[in-house]
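Listed below, chain by chain, are the residues.
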Amino acid sequence: VVSALDEIAWLFNLRGADVSYNPVFYAFAVITEDTATLCVDLDKITGELRQEISKAISFAPYEALHEVLSRCDRHRPMLLDPATTSAAIHQKLQELDIPMLLENSPLPAWKAIKNASELQGMREAHVRDGVAMVRFFAWLERALASGRLDELSVADKLGEMRQQGQSYRGPSFGTISAYGPHGALPHYSSTKESNVPLQVPGIYLVDSGGQYDDGTTDITRTVALGTPSAYQKKIYTLVLKGHLNLKNSEFLAGTTGYQLDILARQPLWNASINYAHGTGHGVGAALCVHEGPFSVSLRKNLTPLEEGHVLSIEPGCYLVGEFGVRIENLAAVVRKRQTAFGDFLGFDDLTLCPYDRNLIDLTLVNAAEVAQINTYHERVHETLAPYLEGGDLEFLRRATAPLTL
Ligand SMILES: [Mn+2]
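Residues numbered from 1 in each chain as written. Predicted model: local features only at pLDDT ≥ 70, side-chain atom pairs only at ≥ 80, totals over all residues. Heavy atoms only, no water.

Peer 1: In this structure, what is going on with the packing of aromatic side chains? I would like to understand it.
Peer 2: Working definition: an aromatic ring pair is given by the centre-to-centre distance plus the angle between the planes. Following the criterion strictly, the structure yields seven aromatic pairs and no others. Their ring planes at 85° and their centres at 6.2 Å tell us that Y231 and F323 sit as a pair that is edge-to-face. Of this pair, Y231 sits in helix α8 (residues 230–247) while F323 sits in strand β17 (residues 323–326), placing them 92 residues apart in sequence. For F323, a relative accessible area of 4% translates into the label buried. A connected cluster of aromatic rings, assembled from ring pairs, spans F136, F137 and W139. Here R265 stacks its cationic end above the ring of Y275, 3.9 Å away from the centre of that ring. (Phe/Tyr/Trp six-rings, centres within 6.5 Å; stacked < 30°, edge-to-face > 60°. Helix = DSSP H or I, 4+ residues; strand = E, 2+ residues; numbered from the N terminus. Buried < 20%, exposed > 50% of the residue type's maximum accessible area, 1.4 Å probe, protein only. Lys NZ or Arg CZ within 6 Å of the ring centre and 35° of its normal.)

Now the structure itself:
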């Protein structure tokens, strides 16, 4: 019996709109060796779709779960994941005398490995998302002069920019639009009461994402409004170094995010700075923006990273009362090379959006890091330029111009 809505959506390759930010639908699924029954509000399944998939699966009303269970074979144990299954289902199976296996669902691990079309969709969604981000930052630069921007109005504008892209369904989570000291609160959510104007000079952090028919995005950028201080540049550069260090690492197959986490923290730890959140989480393909079963974190998680995983790489630094910096890209785990020592994996960027060149302290980066930034920016420019024009294209050209030491 499957209760987790993202597992059901993935297993049946269906999406819905019953839950904000997550393209899932209320349902239960009962899978046996030769049947698959989806308990769902039948009004939500259009005739055409129902015809197509009812060749392979059966439908039952959402309320009919207990009925479906009562038709199950009493000699075959039913797998339940205690983390996602309600006590009511457990009780019902007990009543029906159906034996149970209480174990982790195998679905999250399967779902986490994206197939070729899921990866393709994620890449395409990220091109449109990158176009929206660049148009947003180009607009922000121009609009700052008006002096009338605030956290909420700017977040709305970013939503508008995404809306102009194809197949956009809405945000993948509540936008974190944080100016100055608000950026030091990693999970800040701007409200009418907390909303503040964006002023020059200052640091602005925006963590946001979109749900598209073909993919899910999650990106954080931190930018300087006006000229940043040397201290702000130093902090940003340390975070960027951690971000690049993990993103460009190669690792032996079988390595976990728990082991790799230190790569993103090391430049910060060397400066006696830490961030009190994970470095990365799994992201669904046109599904939930947070998913497992792996993570990149100081918290013990022994699930290795595998080819086809999609995850975020998002170190940060939060200075209470001052400002916050976080830099987040989504990346796919890819196979880099096979050697006599084993297979080596690495990351390939999905997110396409410039880092803030104005916040990079060139005395703190080495030639390899400059090359990594330039290579990434070249790719961002090459991919997004065909979709931009006028001032937006000019902004992209400036934002991705090569850095030299
Ligand atoms: Mn994230």
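The structure having been displayed, the exposition proceeds.
Peer 1: Sorry, what's going on with the coordination of the manganese ion here?
Peer 2: Reference geometry at the metal: tetrahedral coordination by four donors gives ideal angles of 109.5 degrees; octahedral coordination by six donors gives 90 or 180 degrees. The protein atoms donating to the manganese ion are D218 (OD), H281 (NE2), E314 (OE) and E328 (OE), with metal-donor distances spanning 2.1 to 2.5 Å. For the manganese ion, all donor residues lie on one chain, and their spacing in sequence is D-x62-H-x32-E-x13-E. With a gap of 14 residues between them, E314 in the loop between β15 (310–313) and β16 (316–319) and E328 in the loop between β17 and β18 (329–339) connect regions that are remote in the sequence. A relative accessible area of 0% places E328 in the buried class. (Donors = N, O, S within 2.8 Å, 3.2 Å for Na, K, Ca; no water.)

Peer 1: What am I meant to see in the pattern of salt bridges here?
Peer 2: Side-chain pairs of opposite charge can arise where the charged atoms are in close proximity. Scanning the entire structure with this criterion turns up 27 salt bridges. Across the pair R76 and D73 runs a salt bridge, and its minimum N-O distance is 3.7 Å. Residue classification places D73 among the partly exposed residues on the basis of a relative accessible area of 38%. (Salt bridge = Lys/Arg side-chain N within 4 Å of Asp/Glu carboxyl O.)

Peer 1: Help me understand the side chain of R128 in this model?
Peer 2: Take R128: it is sitting in helix α6 (residues 116–143). With near-sequence residues (within four places) excluded, R128 lies in contact with Q166, S167, Y212 and D214. (Contact = heavy atoms within 4.5 Å.)

Peer 1: Would you take a moment to explain the side chain of K111 for this structure?
Peer 2: Here K111 is to be found in helix α5 (residues 107–112). Polar contacts involving the side chain of K111 include one to the side chain of E291, which spans 3.0 Å. Sequence-distant contacts of K111, that is, excluding residues within four places in its chain, are made with D6, E7, W10, L287 and E291. (Polar contact = N/O pair within 3.5 Å; in protein donor to acceptor, adjacent residues only side chain to side chain.)

Peer 1: Please explain the packing of α6 against helix α10 (residues 367–384) as it appears in this structure.
Peer 2: The geometry of a pair of packed helices is captured by two quantities: the angle between their axes and the separation between those axes. Between α6 and α10, the shortest axis-to-axis distance is 10 Å and the interhelical angle comes to 95°. Between α6 and α10, the angle falls in the class roughly perpendicular. Contacts between α6 and α10 involve R123, V127, G130, V131 and V134 from the former and R379, T383 and L384 from the latter. Along the lines of polarity and charge, the residues of the contact of α6 with α10 split into four nonpolar, two polar and two charged. (Axes fitted to C-alpha atoms, helices over the stretch in contact; angles between N-to-C directions. Parallel < 35°, antiparallel > 145°, perpendicular 65-115°, else oblique. Nonpolar A, V, L, I, M, F, W, Y, C, P; charged D, E, K, R; others polar.)

Peer 1: Help me understand the packing of α8 against helix α9 (residues 257–269), please; the structure alone is not making it clear to me.
Peer 2: Two elements in contact, α8 and α9, have axes separated by 7 Å at closest approach and are oriented at 155°. The orientation of α8 with respect to α9, classified from their angle, is roughly antiparallel. With respect to the hand of their crossing, α8 and α9 are arranged in right-handed fashion. Judged by residue contacts, L238, V239, K241, G242, N245 and L246 of α8 engage L260, L263, A264, P267 and L268 from α9. The residue inventory of the contact of α8 with α9, partitioned by class, reads eight nonpolar, two polar and one charged. (Left-handed = near helix turned anticlockwise from the far one by under 90°.)

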